[in-house]
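Residue-level listing of the chains:
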Amino acid sequence: MALFAKKSQKTAEFSVLPNHLGIIMDGNGRWAKKRGLPRTAGHKAGAEVFKKISKECENLGIKEVTFYAFSTENWKRPKEEVDTLMNLFHDFLLEAKADMEASGNIIVKFVGERNGISSELLELMDDAERETSKRNGTLINVAVNYGGRQEIVSAVNRLISQGKTEITEDDISRNVYTSPDCDLIIRPSGEERLSNFLLWQAAYSEFWYSDVLWPDFSEKDLHTALSEFEKRNRRFGG
């Protein structure tokens, strides 16, 4: 399945869309277990859903989407599972690279720490960012080796290295990896927690939870979440 494909006709219309959408891709392992498959099969199925939902977000006109792909804590998982995730990531990047000249308009950015990631993967990540940087479609942030606390610490350390002796909220907002405010966070799989995702950006986020496991998550589920978002009365503490 090509990542950068031609933009299709809109399948749904919304009067209000989140400018920045966060998605925690959860439930791959449970999806596989329910089917008597290894966890790696769940991650492969989840990777295909990531591509499908990325395209639909661009099709709908959402400006920015951050997908939680691999956390700083995920390194603690069994080596076989980590290796599979890295191989899937590698295959995704190779596919994206091969597709780069197609008519898709998605911009790709990788957010998180670079330590622990192979030089080959880092090179492919840099290539994808560079080759999509001049596009003007949906910005897809792929959070890899990412943690919300680590992101805030990184922002503060960056400011200290610039000579800052007093740090404001605006300073941190300008130095986190993504847009400083996330309007809506979607978490499938039945879990109802942030899991160290977009801690700074989620201060006034709306949340949408579902029992659907990520490999079963569909465009219809995305539309349901966006329809619920439209109905929310956002007061931002006021």
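Predicted model, so just to flag it, every value in this text is computed and none were measured.

Undergrad: Teacher, can you tell me more about the packing of aromatic side chains here?
TA: Geometry of an aromatic ring pair is reported as the spacing of the ring centres plus the angle between the planes. Under the defined criterion, the tally for this structure stands at 10 aromatic pairs. Measuring from ring centre to ring centre gives 5.6 Å for Phe89 and Phe110, while their planes differ by 65°; the resulting arrangement is edge-to-face. Of this pair, Phe89 sits in helix H3 (residues 79-99) while Phe110 sits in strand E3 (residues 107-111); the two residues are 21 residues apart in sequence, bridging distant segments of the chain. We classify Phe110 as buried; its relative accessible area is 9%. In this structure an aromatic cluster arises from ring pairing among Tyr68, Tyr146, Tyr177 and Phe197.

Undergrad: It is not clear to me how unusual backbone geometry should be interpreted in this structure. Could you clarify?
TA: Glycine aside, the phi torsion of most residues is negative, and most peptide linkages are trans. Positive phi, close to 90°, is recorded for Ser189, a residue that is not glycine. Relative to the helices and strands, Ser189 is located in the loop between strand E5 (184-187) and strand E6 (206-209). Judged by its relative accessible area of 6%, Ser189 is buried.

Undergrad: Honestly, the sheet that holds E5 in this entry has me stumped. Any pointers?
TA: Across a sheet, paired strands are connected by hydrogen bonds in the backbone, their directions being either parallel or antiparallel. Reading across the sheet, the six strands line up as E3-E4-E2-E1-E5-E6 and stay open at both edges, with parallel pairing between neighbours. Where the open sheet ends on each side, the last strands, each with one partner, are E3 and E6. The average undirected angle you get between the axes of adjacent strands in this sheet is 20°. Looking at chain direction, strand E2 (residues 64-71) and strand E4 (residues 139-146) are connected through seven bridges and run parallel. Bridge pairing links Tyr68 to Ala143 in E4. The strands touched by helix H2 (residues 39-60) within the sheet are strand E1 (20-24), E2 and E4, with E2 carrying the most contacts at an inclination of about 165°.

Analysis parameters
- Residues numbered from 1 in each chain as written.
- Predicted model: local features only at pLDDT ≥ 70, side-chain atom pairs only at ≥ 80, totals over all residues.
- Heavy atoms only, no water.
- Phe/Tyr/Trp six-rings, centres within 6.5 Å; stacked < 30°, edge-to-face > 60°.
- Helix = DSSP H or I, 4+ residues; strand = E, 2+ residues; numbered from the N terminus.
- Buried < 20%, exposed > 50% of the residue type's maximum accessible area, 1.4 Å probe, protein only.
- Pairing = 2+ DSSP bridges.
- Axes fitted to C-alpha atoms, helices over the stretch in contact; angles between N-to-C directions.
- Contact = heavy atoms within 4.5 Å.

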